[in-house]
Amino acid sequence: DLMSAVITPEVSHLVGLSSRGYPYAAMLAQKYGLGMVFARSAGKTPGPLHQVQVEHKNYGGGSLEISSLTLGPGNVVVICDDVLATGGSLEATAKAVEATGA
């Protein structure tokens, strides 16, 4: 199983990138019994959150958010997306996850 090299016993949550990463994160979270967190565009995440700026070479910038209620110190995450292009969203998501202490 290829995913067992990535989803080790230490992993507690999967983070799905908006929006095509959600199905992959959801399927893997269910398969491995893990929590799932959504990384979303600004203004879509309810409650307290961590927000970071995203800069994209090809189509400008914006903000990305994740809930600060779902992740914290001691959590280990794997970030899921459907494709890697410039890496801007992935980098912003990693920064948001780090801001939670996870």
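Residues numbered from 1 in each chain as written. Predicted model: local features only at pLDDT ≥ 70, side-chain atom pairs only at ≥ 80, totals over all residues. Heavy atoms only, no water.

A. Inspection of the nonpolar core at higher detail. In this structure, Val 15, Val 37, Ala 39, Val 52, Val 54, Leu 64, Ile 66, Leu 71, Ala 92, Ala 96 and Val 97 together form the largest nonpolar core, which totals 11 residues. Sorting the residues of this core by element identifies β2 (35-41), β3 (49-56), β4 (60-67) and α2 (88-99) as the ones contributing at least two each. Element by element, the count of residues in this core is highest for α2, at three residues. Core analysis: the second largest hydrophobic core is formed by nine residues, Ala 25, Leu 28, Leu 34 and Val 78 among them. (Core = buried A, V, L, I, M, F, W, Y, C linked by side-chain atoms within 4.5 Å. Buried < 20%, exposed > 50% of the residue type's maximum accessible area, 1.4 Å probe, protein only. Helix = DSSP H or I, 4+ residues; strand = E, 2+ residues; numbered from the N terminus.)

B. Broad picture of the pattern of salt bridges. Within the structure shown, the criterion is met by two salt bridges. Here Asp 82 and Arg 20 are joined by a salt bridge, their closest N and O atoms 3.4 Å apart. Residue Asp 82 is located in the loop between β5 (77-80) and α2, and its partner Arg 20 is located in the loop between β1 (13-17) and α1 (21-32); the two are separated by 62 residues in the primary sequence. (Salt bridge = Lys/Arg side-chain N within 4 Å of Asp/Glu carboxyl O.)

C. Main features of the side chain of Ser 67. Positionally, Ser 67 belongs in strand β4. A polar contact of 3.1 Å, which involves the side chain of Ser 67, links it to the backbone nitrogen of Leu 69. Apart from the residues within four sequence positions on either side, Ser 67 is in contact with Thr 45, Pro 48 and Leu 49. (Polar contact = N/O pair within 3.5 Å; in protein donor to acceptor, adjacent residues only side chain to side chain. Contact = heavy atoms within 4.5 Å.)

D. Looking closely at the pairing of β1. Within β1, five of the five residues are buried, which leaves it mostly tucked inside the rest of the structure. Pairing of β1 with β2, which is carried by five bridges, proceeds in the parallel orientation. Residue Leu 14 lies in a different strand from β2, and its bridge partner there is Met 36. Alignment of β1 against β5, held across four bridges, turns out to be parallel. Note on β5: the bridge partner recorded for Leu 14 is Val 78. (Pairing = 2+ DSSP bridges.)

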